[in-house]
Amino acid sequence: MKYLVSLLLVVSMVLPVSAQTGSISGKIINNEGTGVSALNVRINNLKLRTTTNNEGNFKLSNVPNGELTIVISGLGYKTTSKQISVKSSENSTLYVTIETNDIPMSEVSVYGAARRMQKITEAPAAVSVVLPADIERGNNHGQLAKTLEHFPGVDVVQSGMNDFNVNTRGFNNSINRRVLVLLDGRDPSTPLLNLVEWNSFQTSLSDVSKIEVVRGPGSALYGTNAYNGVINITSNTPRDVLGTRVAITGGQYSTFRGNIRHAGEIDDNFSYKVTANYSRQKQAWISSRDTAHGGTLEYPGLGADVIDGRVRRAGIDSVGNIADLIAANDVAESISGTARVDYNFSQDESLTAEIGSSRYGGEYFVNTTGRILINDVEKPFARLAYNSKHWNVQANWSRRNAMSPHIVMSATATSSERSDVAVVDAQWNDSFLNDDLKIIGGVSHEYQHVNTSTVNATPLLSPDNLHNNFSGLYGQIEYKLMDNLQLVGAARLDRSTFFETQFSPKGGLVYTPVQDHTFRMTVNRSFLRPSYGDKFRRSVIGGLPPTVNLARIDSTISAQTGVAKLNLPSITPQVLFLGNPNIGVETALSYEFGYKGIISKNMYVTVDAYLNNRTNFISQALGGLAPEYYTPIRYGNQQADSLMRVMIGVGNYDRYNGLSRDVETGNPALSISPTNIGLINEYGLEFGVNYYAFTNLSVSANLALLDYKIVENKVTAQKIVPNTSPTRVNLGVQYEERGMYDVGVNIHGAKGFEWVAGTVQGSVPEYWVVNFNASYNFTKDLRLGVNVFNLLDRQHYQIFGGTILRRYATAEASFSF
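Residues numbered from 1 in each chain as written. Predicted model: local features only at pLDDT ≥ 70, side-chain atom pairs only at ≥ 80, totals over all residues. Heavy atoms only, no water.

Time to look at the overall build of the protein. Along its length, the protein carries eight helices and 48 strands. At 29 Å, the protein has a C-alpha radius of gyration in line with the 28 Å of a compact globule built from 817 residues. Counting only C-alpha atoms, the protein reaches 110 × 65 × 60 Å along its principal axes. Within the protein, the fraction of its 817 residues that count as buried is 55%. (Helix = DSSP H or I, 4+ residues; strand = E, 2+ residues; numbered from the N terminus. Rg over C-alpha atoms; globule rule 2.2 N^0.38 Å. Buried < 20%, exposed > 50% of the residue type's maximum accessible area, 1.4 Å probe, protein only.)

For helix α8 (residues 638-648), the complete set of buried residues consists of Ala640, Asp641, Met644 and Ile648. An end-on view of α8 places all buried positions within 95° of arc, on one side of the element. Along α8, exposed side chains directed more than 90 degrees from the buried face belong to Gln638, Gln639 and Val646. Packing partners of the buried residues in α8 comprise α7 (550-561), β38 (659-661) and β39 (668-673). (Arc of directions from axis to C-beta. Contact = heavy atoms within 4.5 Å.)

This next bit is on the environment of Pro191. Within the fold, Pro191 resides in the loop between β13 (179-183) and β14 (208-215). Here Pro191 falls in the buried class, since its relative accessible area comes to 6%. When sequence neighbours within four positions are dropped, the list of residues in contact with Pro191 reads Glu417, Ser419, Val421, Gln448, Val450, Arg529 and Tyr532.

What follows deals with the side chain of Asp163. Within the fold, Asp163 resides in the loop between β11 (154-158) and β12 (164-168). Buried and without a salt bridge, Asp163 has Arg371 as its closest oppositely charged side chain, separated by 9.6 Å. There is a polar contact of 2.4 Å between the side chain of Asp163 and the side chain of Ser159. Reaching out from Asp163, the side chain makes a polar contact with the backbone nitrogen of Val366 at a distance of 3.1 Å. With residues near it in sequence (within four places) discarded, Asp163 still touches Val157, Gln158, Tyr364, Phe365 and Val366. (Lys, Arg positive; Asp, Glu negative; His and termini not counted. Salt bridge = Lys/Arg side-chain N within 4 Å of Asp/Glu carboxyl O. Polar contact = N/O pair within 3.5 Å; in protein donor to acceptor, adjacent residues only side chain to side chain.)

To continue, consider the nonpolar core. Counting 22 residues, the largest nonpolar core has Leu148, Trp198, Ile211, Ile231 and Ile233 as the members making the most contacts within it. Listed by contribution, the elements that provide at least two residues to this core are β11, β12, β13, β14 and β15 (229-235). Those residues within four positions of Ile211 in sequence are excluded, and the remaining contacts are Ser128, Val129, Val130, Leu144, Thr147, Leu148, Leu205, Ile231, Asn232 and Ile233. If you look at the next biggest cluster of nonpolar residues, it comprises 21 residues, including Val214, Tyr474, Ala490 and Ile598. (Core = buried A, V, L, I, M, F, W, Y, C linked by side-chain atoms within 4.5 Å.)

As a further point, take the side chain of Glu586. Following the sequence through the fold, Glu586 ends up in strand β35 (residues 586-599). A distance of 3.0 Å separates a polar atom in the side chain of Glu586 from a polar atom in the side chain of Arg178. A distance of 3.1 Å separates a polar atom in the side chain of Glu586 from the backbone nitrogen of Ile618. Ignoring any residue separated from it by four or fewer positions in sequence, one finds Glu586 in contact with Arg178, Tyr227, Ser526, Phe527, Leu528, Arg614, Thr615, Asn616, Phe617 and Ile618.

Under the counting rule described, the total for this entry stands at ten cavities of 30 Å³ or more. Estimated volume of the second largest cavity: approximately 380 Å³. What lines the second largest cavity is a set of 27 residues, and nearest its centre among them are Gly142, Asn199, Ser204, Leu205 and Arg257. Residue assignment for the lining of the second largest cavity shows that the elements contributing at least two residues are β17 (255-265), β18 (270-282) and β19 (331-346). When the residues that make up the lining of the second largest cavity are grouped by side-chain class, the tally is eight nonpolar, 17 polar and two charged. (1 Å grid on protein atoms, 1.4 Å probe; cavity = no way out; pocket = protein on both sides within 12 Å on 5 of 7 lines; lining within 4 Å. Points joined across faces, edges and corners; volume = space filled by probe spheres on them. Nonpolar A, V, L, I, M, F, W, Y, C, P; charged D, E, K, R; others polar.)

Looking now at the sheet that holds strand β4 (residues 57-64). If you trace the three strands from one edge of the open sheet to the other, you get β4-β1-β7, paired in mixed fashion. Two strands close off the open sheet at either side, each with one partner strand: β4 and β7 (91-97). Taking each pair of neighbouring strands and ignoring which way they run, the sheet shows an average axis angle of 20°. (Pairing = 2+ DSSP bridges. Axes fitted to C-alpha atoms, helices over the stretch in contact; angles between N-to-C directions.)

This part covers the sheet that holds strand β26 (residues 413-415). Here we have four strands laid out as an open sheet, ordered β21-β22-β25-β26, and antiparallel in their pairing. Because the sheet does not close on itself, it has two edges, and the strands there are β21 (363-367) and β26. In this sheet, neighbouring strand axes are inclined to one another by 30° on average, regardless of whether the strands run parallel or antiparallel. Judged from the two bridges that link them, strand β22 (residues 370-374) and strand β25 (residues 406-408) form a sheet pairing that is antiparallel. From the neighbouring strand, Ile372 faces β25, where its bridge partner is Val408.

Further remarks concern a nonpolar patch on the surface. Taken together, the side chains of Phe432, Leu433, Ile477, Tyr479, Leu481, Met482, Leu487, Leu509, Tyr511, Phe519, Met521 and Phe593 make up a nonpolar region of the molecular surface, amounting to roughly 1,100 Å² of accessible area. Turning to its location among the elements, Leu433 is positioned in the loop between β27 (418-432) and β28 (437-451). (Patch = residues over 30% accessible without salt bridge, like charges linked within 9 Å, V, L, I, M, F, W, Y side chains within 5 Å. Areas by Shrake-Rupley, 256 points an atom, 1.4 Å probe, with all protein chains shown as cover.)

Moving on, we come to the pairing of strand β36 (residues 603-618). The pairing of β35 with β36 spans 13 bridges and is antiparallel. Opposite Thr587, over in β36, you have Thr615 as the bridge partner. In this structure, the hairpin formed by β35 and β36 is closed by a connection of three residues, where Ser600 is found at a positive phi of approximately 55°.

All chains considered together, the criterion is met by 24 aromatic pairs. Plain terms: the ring middles of Phe171 and Phe617 are 5.6 Å apart, the flat faces sit at 65° to each other, and that makes the pair edge-to-face. Of this pair, Phe171 sits in the loop between β12 and β13 while Phe617 is found in strand β36, placing the two residues 446 residues apart along the sequence. Residue Phe171 shares its accessibility class with Phe617, and that shared class is buried. Ring centres of Tyr776 and Phe778 lie 5.0 Å apart, and the angle between their planes is 80°; on these two criteria the pair is classed as edge-to-face. Among the residues examined, Tyr776 registers a relative accessible area of 41% and is labelled partly exposed. The structure contains a cluster of three or more aromatic residues connected by ring pairs, namely Phe470, Phe498, Phe499, Phe527, Tyr532 and Phe536. Here the basic side chain of Arg537 rests over the ring of Phe577, its NZ or CZ set 3.9 Å away from the ring centre. (Phe/Tyr/Trp six-rings, centres within 6.5 Å; stacked < 30°, edge-to-face > 60°. Lys NZ or Arg CZ within 6 Å of the ring centre and 35° of its normal.)

The next subject is the pattern of salt bridges. Under the criterion given, the structure shown has 38 salt bridges. Note that Lys210 is salt-bridged to Glu212, the shortest N-O span being 3.6 Å. Glu212 carries the same exposure label as Lys210, and that label is buried. Arg215 serves as the salt-bridge partner of Glu686, at 2.9 Å between the closest nitrogen and oxygen. Of this pair, Glu686 sits in strand β40 (residues 676-694) while Arg215 sits in strand β14, and the two are 471 residues apart along the sequence. Side by side, Glu686 and Arg215 carry an identical accessibility label, which is buried. In this structure, a network of salt bridges that share partners links the residues Arg169, Arg215, Arg520, Glu592, Asp608 and Glu686.

Residue Pro463 follows Ser462 across a cis peptide bond; omega there is 5°. Among the structural elements, Pro463 can be located in the loop between β28 and β29 (466-482). Unusually for a residue other than glycine, Arg115 sits at a positive phi of about 60°. Assignment of secondary structure puts Arg115 in the loop between β8 (109-110) and β9 (118-119).

In this model, the protein carries a mean pLDDT of 87, and residues with pLDDT of at least 70 account for 93%. Overall, residues 309-319 carries pLDDT values under 50, and its contacts beyond four positions in sequence, including any with other chains, amount to 26 contacts. (pLDDT = per-residue confidence, 0-100.)

This part is about the environment of Ser336. Tracing the chain through its elements places Ser336 in strand β19. Note: C-alpha distance between Ser336 and Ser81 (255 residues apart in sequence) is 41 Å. When residues no more than four places from it in sequence are discounted, the contact partners of Ser336 are Phe201, Gln202, Thr275, Ala276, Asn277, Ser357 and Ser358. Separated by 3.4 Å, the side chain of Ser336 and the backbone oxygen of Gln202 make a polar contact.

Here it is, written out as structure tokens:
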């Protein structure tokens with residue numbers, strides 16, 4: 001009986017609550033009467049929200065009684081509000097025709113420029129955005145880095161099937177670390193060299209919602225390595241992609257990719273998302289440069305590969321030369337996945353927990369000494385994020401673990417890395433004085449552990465097994481001086497056990513004479529930390545012929561010149577690639593002027609001009625650049641030292657300058673190491689235009705011009721070049737019948753330029769390529785897309801030392817339900 005009473009009490013409590021709520025259902029259509037999918041539908045001032053399905057339908061349950069405001073929004077459509085009355089236990093219906101924007105950019109908001117959401121036309125920086133439609137077209141090929149190559153001032157160069165170097169403006173590198181990449185606020189780069197392995201992301205392009213590229217310095221808010229810019233990648237929240245998406249991609253070179261994503265809601269608060277991805281392709285563009293065993297050099301100036309038994313020591317059987325190595329590792333393969341849970345306290349407050357991992361191998365990269373084969377690497381991560389109207393707090397952990405040694409194909413060495421990174425970042429923001437004053441403040445701490453003495457590989461660092469901490473304190477103030485004039489000031493203080501304390505300020509003015517037309521002037525200081533290899537590398541990269549015996553040379557010089565002998569040992573010295581523990585950060589002081597505007601409602605124009613004063617440039621490794629650490633071996637007699645120079649010999653670097661005492665063994669060695677050199681003025685102009693000729697036809701064009709002047713270079717043997725084409729051009733045409741099909745062509749051209757990166761030096765000839773994309777929607781759920789890079793198959797290379805690039809065609813079929 002008491003159970004029956006309890007049940008009746010519960011029912012009596014629930015019924016009044018149920019009786020006070022109703023529901024809203026409806027459909028959103030466009031001007032052609034077709035349902036619009038993926039629109040956000042929310043009730044103003046409540047946490048209730050949903051998205052339209054593929055037919056444009058939606059439903060909201062447990063809606064409070066009364067007069068409510070429904071807000072409907074989505075990229076490419078004008079935000080629309082409608083009033084509706086909800087009654088107890090009844091379903092209210094709402095049918096809305098939503099209008100498209102005259103120009104999609106007017107509704108685009110960005111986060112990366114100021115670490116807060118704002119319209120792109122109001123952002124105090126040069127910003128480009130990959131829109132959802134472009135991401136969907138990018139799924140046809142699946143290579144995230146390639147979606148960025150048609151932006152003004154963005155330099156995307158490819159050196160292999162999946163090896164990309166992404167930079168903004170100038171001074172690219174085969175291992176580029178001058179642009180900070182963030183994926184949902186997490187840095188996916190490898191700590192050892194700071195490089196980004198674009199094919200190792202746990203999140204595939206198909207689950208990305210937006211990509212922002214902030215061109216120009218970002219250290220005032222982001223700290224180290226936001227030197228030339230920031231790439232901010234955001235994945236879909238579960239509620240943005242409710243349902244299941246399955247996609248299969250196939251193409252040339254035995255390409256196969258599979259992606260599956262499922263997202264759902266447990267209740268009004270909990271939502272979840274799981275993804276799984278697999279990829280494989282034949283490395284058909286990679287050929288042997290092992291000239292001693294029948295290999296060939298694809299173009300003049302390349303260095304030959306060597307083998308010397310390293311592959312067998314790395315645990316790969318039946319390999320005797322580079323050709324065998326490539327034959328045994330001719331397939332690039334990766335597998336990845338993520339699992340995410342979101343808890344929404346309200347519309348503006350949420351908690352996210354996510355884990356993921358990737359494992360990939362068979363990739364060939366180009367670094368500063370030549371090509372390297374990445375055999376097998378795993379990269380797990382975990383993150384926890386709290387976001388609200390005023391607070392954004394995130395903690396994340398990531399690891400890069402080589403499961404087998406990497407093979408350096410141009411030297412007698414292997415390498416490896418096991419690194420762990422843990423980061424906590426907390427940011428507060430608010431506005432005051434009727435929104436005229438906006439303030440951001442934040443603090444971050446990062447811990448890194450790097451070890452290269454793993455899986456029987458040759459250790460790359462000495463000392464190894466390093467632990468370092470990086471802390472940052474940052475803030476920004478935006479104050480509206482007048483209705484159309486805004487002052488921006490930001491600064492960040494970075495302290496670390498790895499480099500000296502750095503202060504990075506930023507100041508700017510943003511002037512908006514009329515709506516959607518913005519002029520800005522900014523001054524920034526940014527810095528780039530050296531890599532672990534720059535400071536602590538120790539690797540043998542060769543030796544002199546056995547006939548070069550230092551004791552015999554010492555005796556000969558003493559006998560011929562009369563100087564006292566140095567008592568050098570009877571050895572043939574090794575050639576050592578060493579880090580420089582005294583190397584400091586590279587810095588830049590940047591001055592920018594920019595304009596962003598929407599002209600005649602159908603044209604979006606950007607113009608950006610900049611001057612960068614780069615100082616303490618981190619050089620390539622040469623002999624004699626760190627005499628304060630590696631003590632030179634000299635007689636102190638001009639005749640004797642000149643004779644030593646002749647007897648040792650001069651190769652492609654001055655061996656004699658590097659003759660010094662090895663700090664670890666005390667023996668003479670020919671050491672090369674980097675240092676900070678030079679003062680360079682870099683200046684450029686970037687112009688971009690997107691023209692929406694009709695509702696379904698858009699034309700884009702942009703031009704990037706770059707030049708530089710070397711003001712000072714204290715090491716004349718170090719050639720300083722920007723490793724970037726001085727003139728880059730992009731042209732594109734895209735035609736779309738919304739919901740039916742689209743087709744587009746892009747042309748990308750780059751004027752020839754010189755490339756200097758470590759021991760890899762040469763020229764990159766001018767190249768022009770045509771890319772093609774098309775897609776067709778058989779139904780709202782089934783889509784087929786095609787992409788062809790280098791449609792005309794113009795064979796070329798984009799960095800010196802890179803692979804000859806060919807035509808590459810792929811097609812994707814996707815089904816959503």
